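Results of the structural survey
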Protein chains: 4
Amino acid sequence: MKRIDNFKTIIDKYDVIFFDAFGVLKNYEGLVPGIGKTFDYLKEQNKEYYIVTNDASRSPAQLADSYHKKGLHAITPDRIISSGMLTKEYLDLKVEGGIVAYLGTEDSAHYIESLGLHTIPISQVNSTNIDKINAVIFLDDEGFDWRNDLNIAVNVLRRRTIPAIVANTDNAYPVTVSEVSIAIGGLATMMEIVVGKKFIRFGKPDSQIFMFAYDLIRDYRPISKKDIVMVGDTLHTDILGGNKFGLDTVLVLSGNTLAHEVDNRITTTGIVPTYICESAVVEKDMF
Amino acid sequence: MKRIDNFKTIIDKYDVIFFDAFGVLKNYEGLVPGIGKTFDYLKEQNKEYYIVTNDASRSPAQLADSYHKKGLHAITPDRIISSGMLTKEYLDLKVEGGIVAYLGTEDSAHYIESLGLHTIPISQVNSTNIDKINAVIFLDDEGFDWRNDLNIAVNVLRRRTIPAIVANTDNAYPVTVSEVSIAIGGLATMMEIVVGKKFIRFGKPDSQIFMFAYDLIRDYRPISKKDIVMVGDTLHTDILGGNKFGLDTVLVLSGNTLAHEVDNRITTTGIVPTYICESAVVEKDMF
Amino acid sequence: MKRIDNFKTIIDKYDVIFFDAFGVLKNYEGLVPGIGKTFDYLKEQNKEYYIVTNDASRSPAQLADSYHKKGLHAITPDRIISSGMLTKEYLDLKVEGGIVAYLGTEDSAHYIESLGLHTIPISQVNSTNIDKINAVIFLDDEGFDWRNDLNIAVNVLRRRTIPAIVANTDNAYPVTVSEVSIAIGGLATMMEIVVGKKFIRFGKPDSQIFMFAYDLIRDYRPISKKDIVMVGDTLHTDILGGNKFGLDTVLVLSGNTLAHEVDNRITTTGIVPTYICESAVVEKDMF
Amino acid sequence: MKRIDNFKTIIDKYDVIFFDAFGVLKNYEGLVPGIGKTFDYLKEQNKEYYIVTNDASRSPAQLADSYHKKGLHAITPDRIISSGMLTKEYLDLKVEGGIVAYLGTEDSAHYIESLGLHTIPISQVNSTNIDKINAVIFLDDEGFDWRNDLNIAVNVLRRRTIPAIVANTDNAYPVTVSEVSIAIGGLATMMEIVVGKKFIRFGKPDSQIFMFAYDLIRDYRPISKKDIVMVGDTLHTDILGGNKFGLDTVLVLSGNTLAHEVDNRITTTGIVPTYICESAVVEKDMF
């Protein structure tokens, strides 16, 4: 087994900490026990932190609110960088007018809508408005009838030559200790094969989400990639993406990657974190 | 444009004709107009024929019945070779006892059930019977709740190391002149990516369905591959599969491949039919 | 660890044994120690056997000769079913005249040439003969200049709409206990991506090679799939292919799949052999 | 045919122009005729420009020199952003000490070496130094023996858990009007399949190269993505990448995408440029 590093010792070396959300701060049962102490320590040490997440199902404000309800008040909307924010930026820069059809909940679309673009659920696309649809966006696996609405989306994307944007690159997400649900990223992968066109994807491991966070910091202070560490539980998103962007990386064993399999997974994938830690929890007596 | 061949002249050269069903004999509106004359001619000429189809949604008897209702009586159950029959053979040879969970309609499963295996819809799998499930079969895109049941299937296949069998390799099928529906093969492709295990697929272009038909003929008469021609509307299933099995092949332009795109499609895919015909219709005044 | 089965007890239950070659009968050092006893036992018990191999680098006669030189005389040319034989059958049925360009050694091509087709190494294709090339075949990773000849092959396949046939589906093969070489199947995979056309592949796990062996037996005696067992060291070729064709399968731990990893590999791939044995060696004192 | 836009009118609307190199500024015969006038116009209008290229075979200084020799002096080293520069940045940030083994020419490696890392051609890796190799980089398809050196690289990457970095994502590049050569990106794709590990790729369409250019500009002036246009000849690198990064894009018909196929390619890929122009040449009498 590779050496397990002490999480507190690691974060002491960096100015800014990027955290993945699911499997690091929270899991299907709620907050990771003790994670609040980590943010107490970060505050005490005057360290900066951002949550870099592939969750586009809600706005940063709604995501932050969900942490507050669980008792973690350190996570404010301005600390959250989501693949939904990149989708919003793309629509702002590249889609001028018309209607954007979405797959997801009303909540997920509401955040995009605030741009001024008109959004409708894909189920409302019909022969009278199909020619005004200028993008199809995949936001969440909930909020629509899979059979009916995925079939509508296939036919819209076959008929119209418009961008299809996937705001979450994950294929599945955990719902209990042993069970997963298919994520909107998994549905989008199927759609891309069936439609035969190239979709645009935002989210880890793609560099663009890291760059978005990096830029946001540089707006108010100078920073180097050497000063940032990415903390995540998944090799092929958090660690691969962080490494490629040039960041040091911490794999935590509190989520997708379990202690007994970590060596084998690193060897077979070739994706190597800078450090491995049990979790992102900083114990109280440590500081 | 490549030379268009005369369909009657072609079939005169072979003893046995294999037909794909959708896009060749029928389409979303019903029978291909005039297709009955082809079967009159085959009967007159004492030619043999088989329908080789990736449709596992119904039994051969039900499929034949659907042609009879449309007025085509030449297609009897013994003339139909479907990917469902290969699935049935696989279960017979390789799955000994236990329960087979399926995605599809009751009709599609009824045919498999006749083997003596106990079949249940995937929605009925729960903690009391999951350890008795010995195979999961993908039969039809209808007859189940996509969101609920695909998620159950993902978790059954993650927990149990059992075969997942896909009885239809198509990703989509046409429902109107310009619209398609996602087929069970498309859903299975997504499931294979999400689950990360290797599924077993039956149906064109895989050789096994052609071999099944070939064997069936050899049970009652000697035959050589040179005596058989495969007629289909789709390059990457009918023509690729027929070619690879060693058959001559006819691409007809009455379905998936349209006249204006046929040259480009052949060049870009590298899949070359022996002949190209407008359709599989033998005109009355031809004979 | 799954139960390890006794190889002798298994073969006692079947009439015909199919063996993979590399990792089962031989490895990079020569014959698997003791394998001769297995064939003594098979002879004593009057069992039939065939070598079903993805090796298209030599003719069956040359392959058999290589066993004889190592002291194993039981393997005669008529016992060998290779992916090269399927390539030969394909050329016989589907390529009428013209030149076949090949990548591989002269030996590998000599076997194909005996059909009467004119074969040339791909390096000899030029502007005067390119329009007569009617197929490109991938036979062996040796016998040609990779950089020069792969680039010629790419351009031949871009310019001509002709079949590209791959006579070996393996991506790599072992050359020492820890090292591999890229196989012609790996080179062909790259070529297919670069050219963007669909290649035709023969070899396990594809059913056609099993069917070829099955047919060969049925030419002289009645047989059922239940009477045959496939013995191999590789899950995704020997075991997947055998299972799909409807055969019982034995995974041996003398080659690609090692004892300490077998459980994990079966679980992660979902490819399940009927039996697992240390090797295909029948100990002398067993019989 | 979609409307063909006037290149001069387009660049008048932006402050900064990103150009792809091959197929836009030059082709297999030399400079695109008249391209010098474009740079005269850019200078006159005081527009900024950068060459954003997947060419990692030489340093920016060597690349600039090759334009000077052809008579185009506007392209200076500081105007060139190559995937080799991202590789260099990655090594600087993420590989601390040890040896970097490369596939490519000495020239391609020399640029990387200047970092202080020790680089050796992959052919010099042996049992005495393999444990000191800390990265394998794929730089150029020239400068090494494909068969010998690709096999060494496979075995180094199987034995060591180290990053494999691909400095060019292209699978092939044109060498004459109708012929291509396999690029190092194509070789790396094969290696990734054979080795089974995840490689790190730099170059269009990945956002990181666009971000690198964008950052470089922001170091000396404020800029918005709205002020930049990306000009390229290839839909799935230049246009897809530019679009995803949030830039407006110009597809020119002087390289990979020909006038007679442009509509079909856009429709089948779903990758839509903001504009389409014959070439990136600004005619003299235009200004």
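In this text, all values refer to a predicted model and were calculated from it rather than measured experimentally.

**A look at the relation of the copies chain C and chain B**
Once chain C is rotated about the relating axis by 180 degrees and shifted along it by 0.0 Å, it coincides with chain B to within an RMSD of 0.0 Å. Here the transformation between the copies is reduced to the relation of a two-fold axis. Of the interface residues in chain C, 100% have counterparts in chain B that sit at the interface too, so the contact is made through matching surfaces.

**Details of the pattern of salt bridges**
Between side chains of opposite charge, a pair can form when the charged atoms approach closely. Taken as a whole and assessed by the stated rule, the structure comprises 60 salt bridges over all chains. Across the pair Glu261(B) and Arg265(B) runs a salt bridge whose closest N-O atoms are separated by 3.0 Å. Where Glu192(D) meets Arg201(D), a salt bridge forms, and the shortest distance between an N and an O atom there is 2.8 Å. When salt bridges with common partners are traced through the structure, they connect Asp215(A), Arg218(A), Asp215(D) and Arg218(D) into a single cluster.

**Quick notes on the pairing of strand S6 (residues 99–103) of chain D**
Moving residue by residue along a regular strand, the side chains alternate between the two faces of the sheet. Residue and element names in this part refer to chain D. In terms of burial, S6 is a largely internal element, five of the five residues being buried. As paired strands, S6 and strand S8 (residues 133–138) are joined by five bridges and run parallel to one another. Paired with Tyr-102 across the two strands is Ile-137, which belongs to S8.

**Quick look at the domain arrangement of chain A**
Taken domain by domain, chain A consists of domain 1 (1–16 + 243–251 + 264–287) and domain 2 (84–201). Spacing between the C-alpha centres of domain 1 of chain A and domain 2 of chain A amounts to 34 Å.

**Re the interface of chain C and chain B**
Taken together, the contact pairs 37 residues of chain C with 37 residues of chain B. Taken together, the two surfaces of chain C and chain B that pack against each other cover about 3000 Å², and 52% of this comes from carbon and sulfur. The three residues of chain C that bury the most area against chain B are Leu93(C), Lys94(C) and Lys244(C), which together make up 21% of that side's buried surface. Where chain C touches chain B, the interface holds six salt bridges. Between Lys225(C) and Glu89(B) there is a salt bridge whose closest N-O contact spans 3.6 Å. Here chain C is connected to chain B by 20 residue pairs in polar contact (both at pLDDT 80 or more). Broken down by secondary-structure element, the contributors of at least two residues to the side of chain C that touches chain B are helix H4 (83–94), strand S12 (200–201), helix H8 (207–218), helix H9 (235–245), strand S14 (248–252) and helix H10 (262–269) of chain C. For the side of chain C that touches chain B, the element with the most residues is H8(C), which contributes six residues. Of the residues in the side of chain C that touches chain B, the class split is 12 nonpolar, 12 polar and 13 charged.

Basis of the calculations
- Residues numbered from 1 in each chain as written.
- Chains lettered and ligands numbered in written order.
- Predicted model: local features only at pLDDT ≥ 70, side-chain atom pairs only at ≥ 80, totals over all residues.
- Heavy atoms only, no water.
- Least-squares fit on C-alpha atoms with pLDDT ≥ 70 in both.
- Contact = heavy atoms within 4.5 Å.
- Salt bridge = Lys/Arg side-chain N within 4 Å of Asp/Glu carboxyl O.
- Buried < 20%, exposed > 50% of the residue type's maximum accessible area, 1.4 Å probe, protein only.
- Helix = DSSP H or I, 4+ residues; strand = E, 2+ residues; numbered from the N terminus.
- Pairing = 2+ DSSP bridges.
- Domains from an automatic or database assignment.
- Buried area = accessible area lost by both parts, 1.4 Å probe.
- Polar contact = N/O pair within 3.5 Å; in protein donor to acceptor, adjacent residues only side chain to side chain.
- Nonpolar A, V, L, I, M, F, W, Y, C, P; charged D, E, K, R; others polar.

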